[in-house]
Amino acid sequence: MSFRTNFRRRKKIALPAASPYLAHVHLPWLGTATLTTALPHIYHLPIWLAASIVALFLYSATQWRRGYRVTPAWIRVVLALAVCVGVAFQYGFTPGRDSGIAMLSVLASMKLMELKSRRDSVVLLMLCHFLLLTHYFYSQNLLTGLWLMFSVLMVTAALLHIHTDARISIRPLLTRAARLILQALPFMLALYLLFPRVSGPLWGMPQDAYGARTGLGNSMSPGSISRLYNDDAIAFRVQFADVAPPRRQLYWRGPVFNHYDGSVWRNNNFSLEAPALEKRGQPLRYVMTLEAHQRNWLLPLEMPDPAAIDLESRMGANGVLWSVQPILTRTRVEMLSYPDYRLEMELSPTRKIDNLQLPEDYNPRTLALARSWRDETHDARQLAARAFNHFQRENFFYTLDPPLSGANAVDDFLFNTRLGFCEHYAAAFVTLMRAAGVPARVVTGYLGGELNPVDGFLVVRQSAAHAWAEIWVAGEGWRRIDPTAAIPEDRVAPDARAARLITAPEFTGQAVDWLQQARYRWEALNNRWNQWVLGYTPERQRETLAALGLSDPNLRRILLTLVMVMSALTLIFTFWLLCPRRARSADPALRVWQKALDWLQKNGVATPCWETPLMLAQRLRAAYPALLPLAQLVCAARYEGRTPKTASLRQALNALKQSGRMA
């Protein structure tokens, strides 16, 4: 081997000043960034996948403590194949959202097993950025947004750590990462305000629009309403223009059922010919924010004015307000309702037959009881009062867990068990009225609500789902009757007592403890997030831009404005970064030393750039003795790897200034 070849090889080996291989101290930051990114997905993954991710993180942590070594390739290949097979059997062989996110989460965790170079770490961190976006497929609430902001901070800090001095401490690194995120904030706001909004859910898949969600259904049977009692999810929020009405008026109208087959109540009248509505008294104006429920009904306060709604909708023949499009996303609707109304004063013969229908050979004892009442009077109001008093005087109980009924469900309820929830009482009441010759139907929806004292919104949860009855009275139209109100408090079972409070006639005056107050504040904060961030629809964007002075904000003008704003921000930040006056060291020790030099120059002391801190301190020892401790701290930080606390640097600088004043 020639001397020249040997010299070149030696030179090639000794040439790199900055090794592309990862330092041992980088690995905890990479693991922390990956953990914060993948952690929320564990809640949505199967148990075996979640356990696999936790095991991978524990293995990586153990490897780091023992001295990191790349896991052999054959082990990584076997694990990857096992995960692929497991995910395929868990989610099926058709690609989908859940299977893709599961694979992404596991593979990001496995990437920690093969980190060799800075390039591998950059790939992992870019994968973490992509994985952050997938969290919005499952949740878009404020808590998710806060966690993702924290995750972005950790990923940015890890990215800085692998490209800077590995000796940098945690606080300066996080401060620098936060500063980078704050510098990007104007661009984020510009994109949020000006990027063209799309109608429909952005973070969703096509199949998500057809999945069943919690809430009211297209039919009613025993147990269909009581199953929602434990569902604390919010169905909708309401903000009244004036004072909220009494709770006894807060009946939120949903699906109406007029056909009974002996076990299930359904709607068989899909006519969109709205019934005649006579509006009386003063209306109530309010804004309703509906959560996505995948249905078309709008759940207004009885009884809405269809012409005053700012959403394309229609009222059906049963008085149900329908949206033309299903409610697939959180929807904000301005409404107008009349608590005092008369609905369908004239009932056609066909409609009368529909609302007198009963299945043959079902519930004979109920039919006999109603006909005996019919023999005594034909007045609809008196018959309704007779049925109401029957529930009140007899030994009926209000419970969430009634026994199963047989083929004659209403007979079993009225004469045997006498235990039921609101759907049992509504169904039995309507059956009695129909058997007595009074047109009647079942109405489902929500009753009451919980007033949040923090933001003034009325919160209606799924647990407030309710069923009541309507009877048709000649000369008055359809009148609401709630048979569950006949049950006195001493006959409410303990399991339904909380539900009874939800449907109580008036708001309770119980004291609000600190935990409930904290819940109110959190929900108010979430509501603002929903209204102003997630609720930034195309219509809201046009209104905002018009208020900012952009007349006729069509797509072309919005895009042109976006390009102009982004260009202006880019120029401003470029000037800010390149301007010498803004040049600032990221090292806190150098920043404090520069302040000390500026202070000395203002006092007429020459500080040549070639003079080291210790040389300068020795030269000025007589006039400024406090300069030496500061110079020693700066040199320790720069040349000995001992990073002093920022407070120590500031104290040394203040001591220097104090000694100068005393002199």
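Residues numbered from 1 in each chain as written. Predicted model: local features only at pLDDT ≥ 70, side-chain atom pairs only at ≥ 80, totals over all residues. Heavy atoms only, no water.

### A look at the overall build of the chain
Here is step 1 of the chain: Counting its regular elements, the chain contains 21 helices and 18 strands.
Here is step 2 of the chain: By the burial criterion, 44% of the 663 residues in the chain qualify as buried.
Here is step 3 of the chain: Once local pairs closer than 6 in sequence are excluded, the contacts in the chain between residues at least 24 apart make up 75%.
Here is step 4 of the chain: Counting only carbon and sulfur atoms, one obtains 59% of the accessible surface of the chain, whose full area is about 35,600 Å². (Helix = DSSP H or I, 4+ residues; strand = E, 2+ residues; numbered from the N terminus. Buried < 20%, exposed > 50% of the residue type's maximum accessible area, 1.4 Å probe, protein only. Contact = heavy atoms within 4.5 Å. Areas by Shrake-Rupley, 256 points an atom, 1.4 Å probe, with all protein chains shown as cover.)

### Quick word on a nonpolar patch on the surface
Here is step 1 of the chain: Taken together, the side chains of Met-149, Leu-182, Leu-185, Met-188 and Leu-189 make up a nonpolar region of the molecular surface, amounting to roughly 460 Å² of accessible area.
Here is step 2 of the chain: The element contributing the most residues to the nonpolar patch is helix 8 (residues 170-194), with four residues.
Here is step 3 of the chain: According to the relative accessible area criterion, Leu-182 is exposed, its value standing at 58%. (Patch = residues over 30% accessible without salt bridge, like charges linked within 9 Å, V, L, I, M, F, W, Y side chains within 5 Å. Salt bridge = Lys/Arg side-chain N within 4 Å of Asp/Glu carboxyl O.)

### Focus on helix 16 (residues 538-547)
Here is step 1 of the chain: Inspection of helix 16 places Pro-538, Arg-540, Gln-541 and Leu-545 among the buried residues, and these make up the whole buried set. Looking straight down helix 16, one finds that the buried residues subtend no more than 155 degrees of arc, so they occupy a single side. Residues of helix 16 that are exposed and point over 90 degrees away from its buried face: Glu-543 and Ala-547.
Here is step 2 of the chain: Tucked into the core, helix 16 has its buried residues touching helix 8, strand 10 (331-337), helix 15 (514-534) and helix 17 (555-578).
Here is step 3 of the chain: Within two residues after helix 16, Gly-549 carries a phi angle of roughly 105 degrees, on the positive side. (Arc of directions from axis to C-beta.)

### Let's talk about the sheet that holds strand 5 (residues 265-266)
Here is step 1 of the chain: In space, the three strands of this open sheet follow the order 1-5-4, with antiparallel pairing throughout. Two strands close off the open sheet at either side, each with one partner strand: strand 1 (219-220) and strand 4 (259-260).
Here is step 2 of the chain: In this sheet, strand 5 lies alongside strand 4 in antiparallel orientation, the contact comprising two bridges. Its bridge partner lying in strand 5, Tyr-260 is registered against Trp-265. (Pairing = 2+ DSSP bridges.)

### Concerning the nonpolar core
Here is step 1 of the chain: Membership of the largest hydrophobic core comes to 84 residues, with the highest contact counts inside it found for Phe-236, Trp-252, Phe-391, Phe-429, Met-433, Tyr-446 and Ile-471.
Here is step 2 of the chain: For this core, the leading source of residues is helix 13 (residues 422-435), giving ten residues.
Here is step 3 of the chain: In terms of nonpolar packing, the next biggest core, distinct from the first, is built from 34 residues, Ala-33, Met-113, Leu-153 and Leu-160 among them. (Core = buried A, V, L, I, M, F, W, Y, C linked by side-chain atoms within 4.5 Å.)

### Some remarks on the sheet that holds strand 16 (residues 458-461)
Note: strands within a sheet are paired through backbone hydrogen bonds, in either parallel or antiparallel orientation.
Here is step 1 of the chain: Strands sit in the order 10-7-2-16-15 across an open sheet of five strands; the sheet is antiparallel. Looking along the sheet, the strands with just one partner apiece sit at the ends: strand 10 and strand 15 (450-451).
Here is step 2 of the chain: With four bridges connecting them, strand 2 (residues 234-240) and strand 16 associate as antiparallel partners. Bridging from a neighbouring strand, Ile-234 pairs with Arg-461 of strand 16.
Here is step 3 of the chain: Running at roughly 85 degrees to strand 2, helix 15 makes contact with strand 2, strand 7 (284-290), strand 10, strand 15 and strand 16 of the sheet. (Axes fitted to C-alpha atoms, helices over the stretch in contact; angles between N-to-C directions.)

### A few points about the packing of aromatic side chains
Here is step 1 of the chain: In total, this model carries 20 aromatic pairs according to the counting rule given.
Here is step 2 of the chain: Taking the centre distance of 5.4 Å and the plane angle of 45 degrees together, the rings of Phe-187 and Phe-573 count as tilted. Pair noted here: Phe-187 is in helix 8 and Phe-573 is in helix 17, with a separation of 386 residues, a long-range link.
Here is step 3 of the chain: Ring geometry for Phe-573 against Trp-576: centres 6.4 Å apart, planes inclined by 70 degrees, an arrangement best described as edge-to-face. (Phe/Tyr/Trp six-rings, centres within 6.5 Å; stacked < 30°, edge-to-face > 60°.)

### Description of the pairing of strand 10
The two faces of a sheet get side chains in turn, since along a regular strand they alternate between them.
Here is step 1 of the chain: Most of strand 10 sits inside the fold, with five of its seven residues counted as buried.
Here is step 2 of the chain: Inspection of the sheet shows strand 7 paired to strand 10 by seven bridges, in the antiparallel sense. Residue pairing in the sheet places Leu-284 in a bridge with Ser-337 of strand 10.

### Focus on the environment of Tyr-91
Here is step 1 of the chain: Looking at where Tyr-91 falls in the secondary structure, it is placed in helix 4 (residues 73-91).
Here is step 2 of the chain: By relative accessible area, which is 25% here, Tyr-91 ends up partly exposed.
Here is step 3 of the chain: In this structure Tyr-91 touches Leu-45, Pro-46, Leu-49, Asp-98, Ser-99 and Ala-102, once residues within four positions along its chain are discounted.

### Points about the packing of helix 18 (residues 588-602) against helix 20 (residues 627-639)
Here is step 1 of the chain: At a minimum axis distance of 9 Å, the contact between helix 18 and helix 20 shows a crossing angle of 150 degrees. Here helix 18 is positioned roughly antiparallel relative to helix 20, judged by the angle of their axes. Handedness of the helix 18/helix 20 crossing: left-handed. Where helix 18 abuts helix 20, its residues Ala-589, Leu-590, Val-592, Trp-593, Ala-596 and Leu-600 lie against Leu-627, Leu-630, Ala-631, Val-634, Ala-637 and Arg-638.
Here is step 2 of the chain: Residues of the contact of helix 18 with helix 20, tallied by class, amount to eleven nonpolar, no polar and one charged. (Parallel < 35°, antiparallel > 145°, perpendicular 65-115°, else oblique. Left-handed = near helix turned anticlockwise from the far one by under 90°. Nonpolar A, V, L, I, M, F, W, Y, C, P; charged D, E, K, R; others polar.)

### Notes on the packing of helix 6 (residues 118-133) against helix 7 (residues 142-161)
Here is step 1 of the chain: The geometry of helix 6 relative to helix 7 is characterised by a closest axis approach of 10 Å and an angle of 170 degrees between their N-to-C directions. Our classification of the angle between helix 6 and helix 7 gives roughly antiparallel. Between helix 6, through Val-122, Leu-125, Met-126, Cys-128, His-129 and Leu-132, and helix 7, the contact on the second element is made entirely by Leu-148, Ser-151, Val-152, Val-155, Ala-158 and Leu-159.
Here is step 2 of the chain: The residue makeup of the contact of helix 6 with helix 7, split by class, is ten nonpolar, two polar and no charged.

### Notes on the pattern of salt bridges
Here is step 1 of the chain: Under the counting rule described, the total for this entry stands at 23 salt bridges.
Here is step 2 of the chain: Here Arg-119 and Asp-120 are joined by a salt bridge, their closest N and O atoms 3.9 Å apart.
Here is step 3 of the chain: With a closest N to O distance of 2.6 Å, Glu-523 and Arg-461 form a salt bridge. Placement of Glu-523 in helix 15 and of Arg-461 in strand 16 is noted, with a sequence separation of 62 residues between them.
Here is step 4 of the chain: Relative accessible area serves as the criterion here: at 10%, Glu-523 is assigned to the buried category.
Here is step 5 of the chain: Because the salt bridges share partners, they merge into one network encompassing Arg-253, Glu-302, Arg-441, Glu-470 and Arg-480.

### Quick notes on the environment of Arg-227
Here is step 1 of the chain: Mapping Arg-227 onto the fold places it in the loop between strand 1 and strand 2.
Here is step 2 of the chain: Taking the C-alpha atoms as reference, Arg-227 lies 9.5 Å from Ala-465; in sequence the two are 238 residues apart.

### Details of unusual backbone geometry
Most peptide bonds take the trans configuration, and most residues that are not glycine carry a negative phi.
Here is step 1 of the chain: In this chain, Glu-302 is followed by Met-303 through a cis amide linkage whose omega measures 0 degrees.
Here is step 2 of the chain: Structurally, Met-303 is set in the loop between strand 7 and strand 8 (313-315).
Here is step 3 of the chain: The phi dihedral of Gln-294 is positive, around 65 degrees, even though this residue is not glycine.
Here is step 4 of the chain: As for its placement among the helices and strands, Gln-294 is situated in the loop between strand 7 and strand 8.
Here is step 5 of the chain: Phi is positive for Asn-363, close to 55 degrees, though the residue is something other than glycine.
Here is step 6 of the chain: On the secondary structure map, Asn-363 appears in the loop between helix 9 (349-354) and helix 10 (364-376).
Here is step 7 of the chain: Look at Asn-363 and you get buried, because its relative accessible area is 2%.

### Points about the side chain of His-293
Here is step 1 of the chain: Mapped onto the fold, His-293 is located in the loop between strand 7 and strand 8.
Here is step 2 of the chain: The class of His-293 is buried, set by a relative accessible area of 11%.

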